[in-house]
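# A structural walkthrough
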Amino acid sequence: MKSKLSYIVKALLVLVLVNVAANFLHTRFDMTEDRRYTLSEPAIEAAATFKTPVIIDILLDGNLPAEFVKLQKEVEQLVAQFSQVNADIKYTFVDPLEGVENVDATIAELQGLGLTPTRVTVNDNSKVSQEIIFPWAMVNYNNKTVKVPLLKTKQGETNVERINNSVQQLEYVFADAFRKISLEEKKRIAVIKGNGELDDRYIADFLTTVRDYYNIGAITLDSVAVAPQKTLDQLNNYDLALLAKPTEPFTDGEKYLLDQFMVNGGKTVWLIDQVNMEIDSLFNETGTAMALQRDLNLTDLFFNYGVRLNSDLVNDMYFTQIVLATGEGNASQYEPVPWLYNPMVRSRNDHPINNNLEALRFQFASSIDTLPNGYKKIVLLQSSPLSKTDKAPRQISLSAINQPPKKERYTDGNKPLAVLVEGAFRSAFANRVKPLRLKNPLESGTNGQLVLISDGDLIKNQLRKGMPLELGYDKWTSNYYGNKEFLVNTFNYLLNDTGLINIRNKKVRIPHLDGTKIEAQKTKWQLLNIALPVLLTLLFGLGFNYLRKQKYGR
C-alpha cells in the first residue's frame, strides 16, 4: 500500500514540476511543409524594435463566411508569433459592426478612414446572402496608426484563391506596418521637375503612400544652365530620382547631370511615353487622332545603359477597358468597351518586385529592347503572348472597338514593358566632350540601378472633383489594378529595403474544403460522422449486456 502511495505522490510531483516548467519555458515545432508558422528574419527584426506597447486591432470578427474564418485563424496564428517575439505587441479581434444601430453611418465612417469593406456572397444550403466584412487591422504605436490590409484580391479569383493569396502576404503586410510605424531615419526621393512631368495632383496618391517610408523633395532641372554644380550637389543629397512622364526634351546638360547622379550611385525610375497619344485625344467629332513619336533626347542615354524605347504602341489581346458614352443628354449611358492599346499585364512572379501582384494597367505603352553590354537586365513586366506592336506615327481610331482582333496577327508577343538595369555604371559621356563643367566628374561608378517603364501613366492616379483617387483604381469601371503595389516594390527594392520585400517569396499553401464535393457527399458524411458512432455505441451496449447476462444470469 505504501509503495502504491509513493508512486502516486511521485507522479503528482512530476506533473506539478512539468506544469511549472511549462510556464517559464515555451517552444514550438513547425512541421508544415511551407514553414508557414516560422517567421522570417526580417519580420522578426521589424517586430523586435518596439520598446513600448504596440496595440493591433484586427477588424475580422463576428459572423464570418468559412473562407474568412480560415483567414482569421491564420491572422491570429501570425500575430501570436509576433507577440512571442516581442511581449510589447498585443492584439485584439473586433467586430466593427457589432451592436451598431446605424450600420450605414458606421460603414461610411470606416470608409472615410480608408477602411474599405468587402461584400461577400455566401451560398449556404441554397440560401444566398451577402456579408459585409472589414478585412483590416490597425497597428497603433506612440500615437501613430498604420492600416494593414488583410485581404488581397485579384480579378477573376474565387473566394478560396483570394484567401490563399491573402494568407501568402500576411507576414509581409504586418512586418511592413511595423517598419513604417517605427521608422526614424528615412531615405530621400527627388521628384524631378522642369521637363513637363506630371502635375503633383496626378502622382499625389503614390507620393502619399511612399511618404511612410521615405522623405520626398523636388529638384527642378531648369537651374542646370546657370548653376550646374549646385544642382548636382542638391541632387546627390537624394538616394533616388523619379521622372514621371516628362513631355519636353532634355538638354545635354540635364542628361549629363542625371548621368552623373546615376554613376555616383543614385537610383532612377523613368516612366516614359515614347509615343505621344492620350485617350482624351480621341474624344472628338471624328473619333481619331495621330499617335506621334515623342523626342525627349534620351535615346543615347538609355542606349548607354543597355535599353532602348521603341517608337511603337503595344497592341494586346489581354486588355483593360475604357468607357464610352452612348446616347445624348439624360439618356446617355456609359459602357465599358475593350481597348487593345491598354494592355492588362500580369506579373511574372520571378523577382521580389513583381511577385504576387494584381494585374497592372498600361495605357499606350511602347516596347523596350534590351541591348547587349556589361549590365544585367531583368524584364519585370511584359505584354502577353497574344500581343504585337504598331509602329508610330499612325492614326488611332475609336472605331477599332468594333473590329474584333484577328488572333493570327498576334504572334510576336511578350514585349518588355518594364526593365531593371543593374551594374557598375559607366558614364554615357565618357570619352565625349562634356556639355557642362563639374567638379570631379565621374567616368564610372559602382552599384548602379535604374528602372525604365514604357508608360508614363502607370503612376498617374485619376481625379474626382479635383481630388486624387487611389492609384490603380479606375473610376469608370470600378476595377483595381496593381500599379501602386508594383511601384512601391520597385522603390523599396532600389533603396535596399529588400529584407521585407523578400518575404513575398515565401510560399504558403492553405488546404480548403471542396464546396462542390461537400454538397454532393453531405449525406454520406453526416451518416458516417453522426449515425455510425451512435449505431456502434448501441451495438456495443447490446453486445455487452448479452455477454453479461450469459456470464452472470445462471
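We now turn to the structure provided with this report. (Residues numbered from 1 in each chain as written. Predicted model: local features only at pLDDT ≥ 70, side-chain atom pairs only at ≥ 80, totals over all residues. Heavy atoms only, no water.)

Attention now goes to unusual backbone geometry. The omega torsion of the bond from Ala392 to Pro393 falls at 5 degrees, within 30 degrees of zero and hence cis. Here Pro393 is to be found in the loop between β20 (387-391) and β21 (394-397). Notably, Asn297 is not glycine yet its phi reads approximately 60 degrees, a positive angle. By the element assignment, Asn297 lies in the loop between β12 (288-293) and α10 (299-304). For Asn440, which is not glycine, the phi torsion reads 50 degrees and is therefore positive. (Helix = DSSP H or I, 4+ residues; strand = E, 2+ residues; numbered from the N terminus.)

A word on helix α8 (residues 228-235). For α8, every residue scored as buried is listed here: Pro228, Gln229, Thr231, Leu232 and Leu235. Summarising the axial view, the buried residues of α8 lie within an arc of 160 degrees, below the 170-degree limit, and thus occupy one face. Close packing links the buried residues of α8 with β7 (188-193), β8 (215-220) and α9 (252-263). (Buried < 20%, exposed > 50% of the residue type's maximum accessible area, 1.4 Å probe, protein only. Arc of directions from axis to C-beta. Contact = heavy atoms within 4.5 Å.)

A separate point is the packing of aromatic side chains. Centre distance and the angle of the planes are the two values used to describe a pair of aromatic rings. A complete count under the given rule lists 16 aromatic pairs for this structure. Seen in terms of ring centroids, Phe50 and Tyr141 are 4.7 Å apart; in terms of plane orientation they differ by 65 degrees. Their pairing is edge-to-face. In this pair, Phe50 is assigned in the loop between α2 (41-48) and β1 (54-58) and Tyr141 in strand β5 (residues 136-141), connecting sequence segments 91 residues apart. In this structure, Phe50 and Tyr141 share a single accessibility class: buried. (Phe/Tyr/Trp six-rings, centres within 6.5 Å; stacked < 30°, edge-to-face > 60°.)

The four strands are arranged β2-β1-β5-β6 in an open sheet whose pairing can be described as mixed. Whereas interior strands pair on both sides, the edge strands pair on one side only; in this sheet they are β2 (89-93) and β6 (144-149). Here the average twist between neighbouring strands, direction ignored, is 20 degrees. Direction of pairing for β1 relative to β5: antiparallel, over a ladder of four bridges. Bridge pairing in β5 links Ile55 to Asn140. Those strands touched by helix α3 (residues 66-85) are β1 and β2, and its axis lies near 160 degrees from that of β2. (Pairing = 2+ DSSP bridges. Axes fitted to C-alpha atoms, helices over the stretch in contact; angles between N-to-C directions.)

With that settled, the discussion passes to the pattern of salt bridges. Using the criterion set out here, one finds 17 salt bridges in the structure. Between Arg201 and Asp199 there is a salt bridge whose closest N-O contact spans 3.7 Å. For Arg201, a relative accessible area of 41% translates into the label partly exposed. Among the charged side chains, a network of salt bridges with common partners joins Lys245, Asp273, Glu278 and Asp457. (Salt bridge = Lys/Arg side-chain N within 4 Å of Asp/Glu carboxyl O.)

In spatial order, the strands read β11-β12-β21; together these three strands make up an open sheet with antiparallel pairing. Looking along the sheet, the strands with just one partner apiece sit at the ends: β11 (275-276) and β21.

One can describe the packing of α8 onto α9 by two numbers: an axis separation of 10 Å at closest approach and a directional angle of 35 degrees. Between α8 and α9 lies a crossing whose hand is right-handed. Residues Pro228, Thr231, Leu232 and Leu235 of α8 touch α9, and the partners they reach there are Leu257, Leu258, Gln260 and Phe261. The residue inventory of the contact of α8 with α9, partitioned by class, reads six nonpolar, two polar and no charged. (Left-handed = near helix turned anticlockwise from the far one by under 90°. Nonpolar A, V, L, I, M, F, W, Y, C, P; charged D, E, K, R; others polar.)

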